[in-house]
Amino acid sequence: MNLQDAQNKIQAAGVFYSRSKDASGRGRAQILDRNWLVVSQSPGPGVAIGEGDAVLSVVKYGEPNSCR
């Protein structure tokens, strides 16, 4: 799912602050959230989170990644 949709889901669960990081390791900022694909998250699915606990690792659409 794209970064914006993932953030929307987190907010719908009552957590309004999440973080994202460039999974390529290049440290790029995520300006247009819909242009980024979430490839992993921490903590994993089903784990209760608070403000700032969710970290979404992302790559730009079209870049190589482990998600198929």
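A brief report on the enclosed structure follows.

1. Structural notes on the overall build of the chain
Assigned secondary structure in the chain consists of 1 helix and 3 strands. In terms of C-alpha radius of gyration, the chain reaches 11 Å, essentially the compact-globule figure of 11 Å for 68 residues. Projecting the C-alpha coordinates of the chain onto the three principal axes gives extents of approximately 30 × 20 × 20 Å. For the chain, buried positions account for 34% of its 68 residues. Considering only contacts within the chain whose residues lie at least 6 apart along the sequence, 65% involve residues at least 24 apart. Total accessible area computed for the chain in this model is approximately 4,400 Å², and 53% of it derives from carbon and sulfur atoms. Where the 8 positive side-chain charges of the chain centre and where its 6 negative ones centre are 7 Å apart.

2. A few points about the sheet that holds strand β2 (residues 36-42)
If you walk across this open sheet you meet the 3 strands as β1-β3-β2, and the pairing is mixed. The open sheet is flanked by β1 (19-22) and β2, the only strands paired with a single partner. Adjacent strand axes in the sheet meet at a mean angle of 35° when their direction is disregarded. Judged from the 4 bridges that link them, β1 and strand β3 (residues 55-60) form a sheet pairing that is parallel.

3. Some thoughts on the pattern of salt bridges
As enumerated under the stated definition, the model contains 4 salt bridges in all. Among the salt bridges present, the one from D22 reaches R28, with a minimum N-O distance of 2.7 Å. Overall, the relative accessible area of 9% leaves D22 in the buried class. Bridged by salt links that share partners, the residues D22, R26, R28 and E63 form one connected network.

4. Re the side chain of Q7
Residue placement: Q7 occurs in helix α1 (residues 3-12). Assessed through its relative accessible area of 15%, Q7 is described here as buried. Non-local contacts of Q7, meaning those with residues more than four positions away in its chain, are made with S18, D33 and L56.

Criteria and thresholds
Residues numbered from 1 in each chain as written. Predicted model: local features only at pLDDT ≥ 70, side-chain atom pairs only at ≥ 80, totals over all residues. Heavy atoms only, no water. Helix = DSSP H or I, 4+ residues; strand = E, 2+ residues; numbered from the N terminus. Rg over C-alpha atoms; globule rule 2.2 N^0.38 Å. Buried < 20%, exposed > 50% of the residue type's maximum accessible area, 1.4 Å probe, protein only. Contact = heavy atoms within 4.5 Å. Areas by Shrake-Rupley, 256 points an atom, 1.4 Å probe, with all protein chains shown as cover. Lys, Arg positive; Asp, Glu negative; His and termini not counted. Charge placed at Lys NZ, Arg CZ, Asp CG, Glu CD. Pairing = 2+ DSSP bridges. Axes fitted to C-alpha atoms, helices over the stretch in contact; angles between N-to-C directions. Salt bridge = Lys/Arg side-chain N within 4 Å of Asp/Glu carboxyl O.

All we've got here are geometric facts, nothing functional implied.
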